[in-house]
Amino acid sequence: MTAERHEFQAEVKQLLDLMVHSLYSDKDVFLRELISNASDALDKLRFERVAGTEGGTEAGTEAGSDGQPELGITLAGDAAARTLTIADSGIGMTRDEVIKNIGTIAKSGTKEFLAAVKAKANQGALAPELIGQFGVGFYAAFMVADRIELVTRKAGETTATKWVSTGDGAYTIEDAERDHSGTTITLHLKAVDDEHGLHDYSNDRVVDDIVKRYSDFVAYPIKRGETTLNSMKAIWDRPKSEVTEEEYKDFYKHLSHDWNDPLRTIPVKMEGTLEAYALLYLPTKPSFDLFSPEMKRGVQLYVKRVFVMDECKELMPSYLRFVKGVVDAHDLSLNVSREILQKDRQIAIIKKQLVKKVLGSLDEMKRDARDQYLEFWAGFGPAIKEGMVTSEGDSEKILDLVVAGTTHGEQPTTLAEYVSRMKEGQDAIYVLTGTSKEAVARSPLLEGFKAKGYEVLLFSDPIDEIWLEREPKFGDKQLKSIGRGDVQPGSEDERKADAAAIEDQRRELGDLLACLKAAIETDVKDVRLSSRLTSSPSCLVADEHDLTPRMQKLLEQMGQAPPKVLPVLELNPKHPLMPKLKAAFGVNSTDPRLAAYARLLLGQAYLADTGSVPNPEAFSKALDDVMLGAI
Ligand code: ADP
Ligand code: MG
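Residues numbered from 1 in each chain as written. Chains lettered and ligands numbered in written order. Predicted model: local features only at pLDDT ≥ 70, side-chain atom pairs only at ≥ 80, totals over all residues. Heavy atoms only, no water.

Here the focus is the overall build of the protein chain. Of the regular secondary structure elements, the protein chain holds 21 helices and 23 strands. Residues classed as buried in the protein chain amount to 52% of the 631 residues present. Within the protein chain, counting contacts between residues at least 6 apart in sequence, those at least 24 apart form 71% of the total. As displayed, the protein chain offers around 28800 Å² of accessible surface, 50% of which is attributable to carbon and sulfur atoms. Taken together, the 80 basic and 102 acidic charged side chains of the protein chain have centroids lying 3 Å from each other. (Helix = DSSP H or I, 4+ residues; strand = E, 2+ residues; numbered from the N terminus. Buried < 20%, exposed > 50% of the residue type's maximum accessible area, 1.4 Å probe, protein only. Contact = heavy atoms within 4.5 Å. Areas by Shrake-Rupley, 256 points an atom, 1.4 Å probe, with all protein chains shown as cover. Lys, Arg positive; Asp, Glu negative; His and termini not counted. Charge placed at Lys NZ, Arg CZ, Asp CG, Glu CD.)

Next up, the structure:
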């Protein structure tokens, strides 16, 4: 049968183009990617073999009873032919799987990924970390080869498939022969170019060195001829003192597809009633799909060094989904299913322990490496804060980890630091949420608090609306949103004094307020005088138990239709406009010009709050009326 020609999916073509013209200097990593794929394929086969077998935990890498070769990886370089061959005795692929796995990228976020890679590439360097993160490692081989042949046979099938490509947009596929299940990849190497990190990969010494460096802990023998190149020691089983920093890093890269170093490495050892080992990592940068529901979760489950499953969400709560690593639970059965895991008490205990370790490590970073922590929090904080909405138990610890912008200075601050600066008589932690950092920072709601010397914490992640809505307590101090009508700045005494002053001003301006309210009656719940403004004429607040305007917008964006609640418009009695309006209009509530002023004051408040007005035509018309009246 002749070879069939297929075009790569458009996204793959672009990706290959980036790979082929890669400026990335460390091209050696291609081998790590191919070995990692081989190791995955061996895991899958081993799991298929042992699952369902009682006491299958002893299943090692020795040859199966059916005459199958040992589970392992072999490397062979040929200097004369300028090739490097990587073969594994893993699960292999069917013809359809080859087309699906090696010709297309079916993962979510492909477009965003390519855009991100290209943006970086335009700056003169391919972003290798993005490629790794996205798990398109196979294509990295095109950095070093100008022609790749792959022959694979799926376990349980009799025929094999051969795939060939020169990386220029198309590949061919045809039937082939292979003795056993597994995959053989032959790289026809590009000319050596040491200056650009393209080494001689047909040379044994070069290859041995890369294997030692990147893949020493791979659980299967990586052989060249009779020599095993790797130690196969499970890194999480070894005492911390015996593992080098480099080994930890390389294992992270093998595991996570991230080409960056991890930010933190967290070894965990549990002994006693239950035996488990874990090696967890915090990534340096969030993957771009951190907020996509399809994001690949980071923790793998092993039982006595046998791989059981990927993305084990029973071991790590969703808000820590970015944590990568392995957990080896010695007392579990290899046959565990997801259903069993969900109810397993051991798993629950391990999970609790892991969460404690991760949060502890973050707390330490917050104390000892503030700059690093701030950067980390900027990327991962929005995910971590989800934990205060979803998982009940961890809220207190998470609150301890929160850092936020503040009116106190340029640098973000923690709640503990805020409390240490609280004024005498201040009984709550003041917070304000908004749609962006800039919007909260310039909100008129802050004026009164600033004028009286009260610090306000500034929040602008969408999730902040939700957890702050619950007014959590930090120690004995409640977090109170100053976007609510009932939250006034100051101590008991100050508030009493303010209330008295407002009472006087109301006597003065009461009629005017009634007229203004009448003009925008359908759009506001009330029009009141405010003690929280110093320079702005107006602001919006939510009534005590109502949704804030931003919360409403958020729910609408999430496809929910919250019951319409109207905001309260607060006016600044000290603003020069107020006496002028009173003098000009007196108690005439029907003057259309006064109605235009009311509409503009409302519009201004909306602009300060959400950056837009809900009814632009009416706002514009009012602006027209006032402008015309002014000349
Ligand atoms: P990833 O490993 O992140 O899935 P890759 O680009 O490295 O991405 O590989 C794509 C897919 O091709 C793998 O998910 C796997 O299904 C398949 N594959 C690659 N190499 C092998 C192999 N040696 N044996 C079996 N399947 C493989
Ligand atoms: Mg891979």
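Per the counting criterion, the structure on display carries 18 aromatic pairs. Centre to centre, the rings of Tyr252 and Tyr281 are 4.9 Å apart; their planes meet at 50 degrees, and the pair counts as tilted. In this pair, Tyr252 sits in helix H7 (residues 245-256) while Tyr281 sits in strand S11 (residues 276-282), placing the two residues 29 residues apart along the sequence. Of the two residues, Tyr252 and Tyr281, neither departs from the other in class, the shared state being buried. (Phe/Tyr/Trp six-rings, centres within 6.5 Å; stacked < 30°, edge-to-face > 60°.)

The next subject is the sheet that holds strand S9 (residues 227-228). Spatially, nine strands are ordered S1-S6-S5-S4-S7-S3-S2-S8-S9 in an open sheet, and the strand pairing comes out mixed. Every interior strand has two partners, whereas the edge strands, strand S1 (4-7) and S9, have only one. Bridge count for S1 against strand S6 (residues 170-176) is four bridges, and the pairing is antiparallel. In the strand pairing of S6, His6 is matched with Tyr171. (Pairing = 2+ DSSP bridges.)

Moving on to the environment of Met388. Residue placement: Met388 occurs in helix H11 (residues 387-390). As a C-alpha pair, Met388 and Ile398 span 10 residues in sequence and 7.0 Å in three-dimensional space. Look past the residues within four positions of Met388 in its chain and what remains in contact with it is Ser395, Ile398, Leu399, Val402, Trp467 and Arg470.

Quick reminder: α-helices carry 3.6 residues per turn. Residues three or four places apart thus point the same way. In this model helix H9 (residues 345-368) runs 35 Å from its N-terminal to its C-terminal C-alpha over 24 residues, within 8% of the 34 Å that 1.5 Å per residue would give. Among all positions of H9, only Ile347, Ile350, Leu354, Val355, Val358, Leu359, Ser361, Leu362, Met365 and Lys366 are buried. One side-chain oxygen of the residue at the start of H9 lies 2.8 Å from the amide nitrogen of Gln346, identifying that residue as Asp344. (Expected span 1.5 Å × (residues − 1). Polar contact = N/O pair within 3.5 Å; in protein donor to acceptor, adjacent residues only side chain to side chain.)

Taken together, the side chains of Lys240, Lys352, Lys356, Lys357 and Lys397 define a basic patch exposed on the protein surface. Mapped onto the fold, Lys397 is located in helix H12 (residues 395-401). (Patch = residues over 30% accessible without salt bridge, like charges linked within 9 Å, V, L, I, M, F, W, Y side chains within 5 Å. Salt bridge = Lys/Arg side-chain N within 4 Å of Asp/Glu carboxyl O.)

In the predicted model, the protein chain carries a mean pLDDT of 87, and the fraction of residues at 70 or more is 90%. Across residues 52-64 the pLDDT falls below 50, and counting only partners more than four positions away or on other chains, this stretch makes 24 contacts in the model. (pLDDT = per-residue confidence, 0-100.)

Moving on: the pairing of strand S5 (residues 160-165). Taking burial as the measure, the six residues of S5 include five buried ones, the bulk of the element. Across five bridges, the pairing between strand S4 (residues 145-153) and S5 is antiparallel. Paired with Ile148 across the strands is Ser165, a residue of S5. With antiparallel pairing between neighbouring strands as the criterion, S4 and S5 make up a hairpin whose turn holds six residues, including Gly156 at a positive phi of roughly 95 degrees. In this sheet, S6 lies alongside S5 in antiparallel orientation, the contact comprising six bridges. Looking across to S6, one finds that Lys162 is bridged to Glu174.

The phi dihedral of Arg82 falls on the positive side, at around 55 degrees, and the residue is not glycine. You can call Arg82 partly exposed: its relative accessible area is 23%.

Moving on, we come to the nonpolar core. In terms of nonpolar packing, the biggest core is built from 78 residues, with Leu282, Leu301, Phe322, Leu362 and Phe376 touching the most fellow members. Top element by residues in this core is H9. It accounts for eight residues. (Core = buried A, V, L, I, M, F, W, Y, C linked by side-chain atoms within 4.5 Å.)

Our next topic: helix H16 (residues 462-469). All of the buried residues along H16 are Ile463, Asp464, Glu465, Trp467 and Leu468. Glu471, located one to two residues past H16, shows a positive phi value of around 45 degrees.

The subject of this paragraph is the sheet that holds strand S12 (residues 299-303). On the basis of which strands lie adjacent, the open sheet formed by five strands has the order S10-S11-S14-S12-S13 and mixed pairing. Strand pairing shows two members of the sheet lacking a second neighbour, strand S10 (264-270) and strand S13 (306-309), which therefore form its edges. Sheet twist, expressed as the mean angle between neighbouring strand axes with direction ignored, is 20 degrees. Sheet analysis places S10 next to S11, joined by seven bridges and oriented antiparallel. From the neighbouring strand, Val268 faces S11, where its bridge partner is Ala278. (Axes fitted to C-alpha atoms, helices over the stretch in contact; angles between N-to-C directions.)

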